Amino acid sequence: MATNNTRMVYVESVIDGTPLSETAGNSTEMEHLKSSIDDIFVISNGIIVCFMQCGFACLEAGAVRSKNTTNIMMKNLMDICFVYPPVTHWVWTEEGWLYKLGYVDFSGCGPIHLIGGVCSFFGALFLGPRLGRFENKFNSSEKEELVGHSVPLTGIGGMILIAGFLAFNGGSIGSMSKPGDQFVIARVIINTILGGSGGSIVMLGMCKLGFGGKSAWSFSLTLNAALAGMVSVCAGADVMAMWASFVSGALMAPLYLGIHYAVLWIKLDDPLDAVAVHFGGGFWGLLSASLFGNGGIVFGASYESGLLLWHRIVGASVIILWGSVWSCLMFGLLKRSGKLRVTEEEELKGLDIAMHNEPGYPLKGWFIPPQFSLYSEAEALVKPDMEPLARPAVEPYVEVMPKPEAEKVMNSDSDTSRRTYNKSSIRPKSESEADRYFRR
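Residue numbering note: each chain is counted from 1, following its sequence as written. Given that this is a predicted model, residues contribute local features only at a pLDDT of at least 70 and side-chain atom pairs are listed and counted only at 80 or more, while totals for whole chains, interfaces and linings are drawn from all residues. Computation of side-chain values: all heavy atoms of the structure, hydrogens and water removed.

*Asks:* Break down the overall build of the protein chain for me, citing the residues and quoting the values.
*Replies:* Numbering of helices and strands runs from the N terminus; a helix is a DSSP stretch of H or I covering at least four residues, while a strand is a stretch of E covering at least two. Across its full length, the protein chain carries 18 helices and 2 strands. Whether two residues are in contact is decided by their heavy atoms: any pair within 4.5 Å suffices. Sequence separation of at least 24 residues holds for 71% of the intrachain contacts in the protein chain that already meet a minimum separation of 6. Counting only carbon and sulfur atoms, one obtains 65% of the accessible surface of the protein chain, whose full area is about 25600 Å². Here the open area of atoms and residues is found with the Shrake-Rupley method and a 1.4 Å probe, where only the protein chains shown may cover a residue.

*Asks:* Requested: an account of the packing of aromatic side chains, with residues and values cited.
*Replies:* Two rings belonging to Phe, Tyr or Trp (six-membered ring only in the last case) form a pair when the distance between their centres is within 6.5 Å. Interplanar angles under 30 degrees mark stacking, angles over 60 mark edge-to-face geometry, and anything in between is tilted. Considering all chains together, one arrives at 8 aromatic pairs under this definition. Here the aromatic rings of tryptophan 90 and tryptophan 322 are separated by 5.0 Å at their centres, their planes lie at 75°, and the arrangement is edge-to-face. Of this pair, tryptophan 90 sits in helix α4 (residues 84–92) while tryptophan 322 sits in helix α12 (residues 303–336), placing them 232 residues apart in sequence. The cut-offs for exposure are 20% and 50% of the maximum accessible area for each residue type, with area from a 1.4 Å probe on protein chains only; residues under the lower value are buried, those over the upper are exposed, and the others partly exposed. On the basis of relative accessibility, which here comes to 15%, the residue tryptophan 90 falls in the buried class. An aromatic cluster of at least three residues, connected via ring pairs, comprises Trp90, Trp97, Trp322 and Trp326.

*Asks:* Can you tell me about a nonpolar patch on the surface, naming the residues and giving the values?
*Replies:* Together, Leu321, Val325, Trp326, Leu329 and Leu333 make up an exposed nonpolar region whose accessible area comes to about 510 Å². Its location among the elements puts valine 325 in helix α12. The patches described consist of residues with a relative accessible area above 30% and no salt bridge, like charges being joined within 9 Å and nonpolar side chains (Val, Leu, Ile, Met, Phe, Trp, Tyr) within 5 Å. Here, a salt bridge means any side-chain nitrogen of Lys or Arg that lies within 4 Å of a carboxyl oxygen of Asp or Glu.

*Asks:* Can you break down the packing of helix α6 (residues 109–127) against α12 residue by residue, with the values?
*Replies:* For the pair α6 and α12, the least separation of the axes is 9 Å and the interaxial angle reads 35°. Crossing geometry of α6 relative to α12 is assigned as right-handed. Within the contact between the two elements, α6 uses Gly110, Pro111, Leu114, Ile115, Val118, Cys119, Phe122, Gly123 and Phe126 and α12 uses Ala316, Ile319, Ile320, Trp322, Gly323, Ser324, Ser327, Cys328, Phe331, Gly332 and Lys335. For the contact of α6 with α12, a count of residues per class yields 13 nonpolar, 6 polar and 1 charged. Only the stretch in contact is used when fitting a helix axis, every axis being a line fitted to C-alpha atoms; angles between N-to-C directions are given from 0 to 180 degrees. We call a crossing left-handed when the near helix sits turned anticlockwise from the far one by less than a right angle, and right-handed when that turn is clockwise. The nonpolar class holds Ala, Val, Leu, Ile, Met, Phe, Trp, Tyr, Cys and Pro. Asp, Glu, Lys and Arg form the charged class, and all remaining residues, Gly among them, are polar.

*Asks:* Hey, could you go over α12 for me, with residue numbers and the actual values?
*Replies:* The span one expects for a helix is its residue count, reduced by one, times 1.5 Å. Here α12 contains 34 residues, and its C-alpha end-to-end distance of 49 Å stays within 8% of the 50 Å for a straight helix at 1.5 Å per residue. Glycine 338, located one to two residues past α12, shows a positive phi value of around 75°.

*Asks:* Describe unusual backbone geometry, listing the residues and the values that go with them.
*Replies:* Its identity is not glycine, yet lysine 267 carries a phi of approximately 60°, on the positive side. When you line up the elements, lysine 267 lands in the loop between α10 (242–265) and α11 (274–292). Even without glycine at this site, aspartate 273 takes up a positive phi of about 55°. In this fold, aspartate 273 is placed in the loop between α10 and α11.

*Asks:* Lay out the pattern of salt bridges in plain terms, naming residues and giving numbers.
*Replies:* As enumerated under the stated definition, the model contains 3 salt bridges in all. The partner of arginine 133 in a salt bridge is aspartate 269, with the nearest N and O atoms 3.2 Å apart. Here the residue arginine 133 occupies a position in the loop between α6 and α7 (151–170), and aspartate 269 occupies one in the loop between α10 and α11, the gap between them amounting to 136 residues. Overlapping salt bridges bring together Arg130, Arg133 and Asp269 as one network.

*Asks:* Please set out the packing of helix α9 (residues 219–231) against α11 residue by residue, giving values where relevant.
*Replies:* For the pair α9 and α11, interaxial distance at closest approach is 8 Å and the crossing angle is 30°. With respect to α11, the element α9 is oriented roughly parallel. At the point where α9 passes α11, the crossing takes the right-handed sense. Where α9 abuts α11, its residues Asn224, Leu227, Ala228 and Val231 lie against Val277, His278, Gly281 and Gly282. When its residues are assigned to classes, the contact of α9 with α11 shows 4 nonpolar, 4 polar and no charged. Put simply, angles under 35 degrees are roughly parallel, angles over 145 are roughly antiparallel, angles from 65 to 115 are roughly perpendicular, and the rest are oblique.

*Asks:* Please provide a residue-by-residue account of the state of the cysteines, values included.
*Replies:* For the purposes of this analysis, a disulfide is any pair of cysteine sulfur atoms at a distance within 2.5 Å. Across all of its chains, the model carries 0 disulfides by this definition. With no disulfide partner, cysteine 58 has as its closest neighbouring cysteine sulfur the one in cysteine 54, 6.9 Å distant.

*Asks:* Please set out the side chain of asparagine 224 residue by residue, giving values where relevant.
*Replies:* Structurally, asparagine 224 is set in helix α9. Residue asparagine 224 is classed as buried on the basis of its relative accessible area of 12%. In this structure, asparagine 224 is in contact with Tyr256, Leu272, Asp273 and Val277, ignoring residues within four places of it in sequence.

*Asks:* Please give an account of the environment of glycine 350 that cites residues and values.
*Replies:* Here glycine 350 lies in the loop between α13 (344–349) and α14 (351–354). With a relative accessible area of 0%, glycine 350 lands in the buried category. Excluding residues that lie within four positions of it along the chain, glycine 350 makes contacts with Lys67 and Asn68.

*Asks:* Outline the confidence of the model for the protein chain, supporting the account with residue identities and numerical values.
*Replies:* Values of pLDDT, the confidence the predictor places in each residue, fall between 0 and 100. For the protein chain, mean pLDDT is 81; residues scoring 70 or higher make up 75% of the total. The model gives residues 394–398 a pLDDT under 50, and that stretch makes 4 contacts with residues more than four places away or in other chains.

*Asks:* Which residues make up the side chain of threonine 88, and what are the values?
*Replies:* Following the sequence through the fold, threonine 88 ends up in helix α4. Given a relative accessible area of 18%, threonine 88 falls into the buried group. If we skip the residues at most four places from it in the chain, threonine 88 touches Thr93, Pro111 and Ile112.

*Asks:* Can you break down the environment of asparagine 76 residue by residue, with the values?
*Replies:* Residue placement: asparagine 76 occurs in helix α3 (residues 69–77). With relative accessibility at 8%, the residue asparagine 76 sits in the buried group. Sequence-wise, asparagine 76 and glycine 55 are 21 residues apart; in three dimensions their C-alpha atoms are separated by 9.9 Å. Apart from the residues lying within four places of it in its own chain, the contact partners of asparagine 76 are Gln53, Phe56, Ala57 and Glu60. A distance of 2.8 Å separates polar atoms of two side chains, one belonging to asparagine 76 and the other to glutamate 60. Think of a polar contact as two N or O atoms within 3.5 Å of one another; within protein, one of them needs to be a possible hydrogen donor and the other a possible acceptor, and neighboring residues in sequence only count if both atoms come from side chains.

Here it is, written out as C-alpha cells:
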C-alpha cells in the first residue's frame, strides 16, 4: 500500500518525463521572456517615435523663413509635452473615466491629435499673425507673401514623420508576444499607410483640378493631406478593413482643404497647417472609426455602434473643452505679461539673430563673389533674413562700350567680337542696377 501510494505520488509529479517543479520553472521563465519581448517592442517603437521630433524640426524649419530656422530647432530640442498626460489618463488607463464610459481610441485621434490641434489654434490666435502676413508691412503697393524657405527640408521632415507614424501606430498595441498580436500589428501598419495614400492621392487630383489654387501638382498640400489621412485612421486602425482606411484618408483630403481655407479666411496664421491636419484629422478620425470600423454604422446601424459613436463624440467634446480652457489660460497669461511675442524690431531682424545670435544660414559659410552687394541697405530692412554684404571700398570698374562702337560691333561679322559685347552688356554696371536686377 505504501509502495502504491509512493508510485501514485511519483506519477502525479511527472509530466512527459519532466518533473512538475521544472515545468513550473520553465513556464515562469517563458512568461518573463514574453514580458521582456513586449518591453523591448514598446521601447524600440518609443525610440522611433522620439525620432519623429527630427521630422517635426525639419518640417517646421522648412515651413518658416530662413531667419527663424535656429529658433525652430531650439524649440524642438527643448520641446516638453505638458498637456497630454491628463487626457491620456482618462482614455487609456483602467481608472480613466472616459475608458470606463466606453470611449475607444486605439492610437490617439483624441488625446494626441485633437488636443494638439486645439492648442495650435489658440496658440496662433493669441500670438497673432506675423508682420505682413495679411496686410502690407511697409505700406507698399505690393503685398509681401510669407512662404517657407525650403521645400526640400519640409519634404524630408514630412517623410520622416510618415515613417515614424508606422511605429507610432504599430507600437500602440503595447505587446507582440500574445497570440494574434502579429496580425494586429500588420493590420495597423497597413491601414496607416493606406490612410495616408488615400489623402495624398485625392489631394493631388484636387490640386490639379484647381481646388488648391492654380492648377498644379502641389507638393506641400499633398504632403499635409497624407499626414492628415494617417491621423484619420488612428482611432480605428486595429479594427478597420483596408478599403475603409483608404476611404477614411480620401475623405479627409477635402476636409483638410476646407479647414485650410477657413483658417486663412479668419486670418489665423498657421504656417504648418497644424489645425487642419491634427484637429481636422483627429475629429474626423473618431467619426470615421465609428462609421467604418468592424461593426460600425456602415455595416449596419445598431444600438452598440450608435452608443460607441456617442461615447466618442462625448470624449471629443470634453477633450476640446479641456484643451481650450488650458490653452486660453496659458497663452492669455503669457500675452498679458508680454512674454508671448517678441518686439517688432526683433521679428523683423529674425529670431535667429535677435534671440540666439546664431543665424541658421550664416553668409560667412557661403562663398559669394564680392563684385557688388546683393541688396541695398534699405532693402535689407524689407528682407531681414538676408544679411547685406559689405559695400566694397572701391566701386568695381565696368567698361561700358560707347553706342556707336557697340553698333559697329553688332553689325560686324565677327562672332568673337559679338560675344565680347554680349558679356559686357549684361553685366550689372552699378550697385543700384544690381538691386533692380535682383528685385525682378
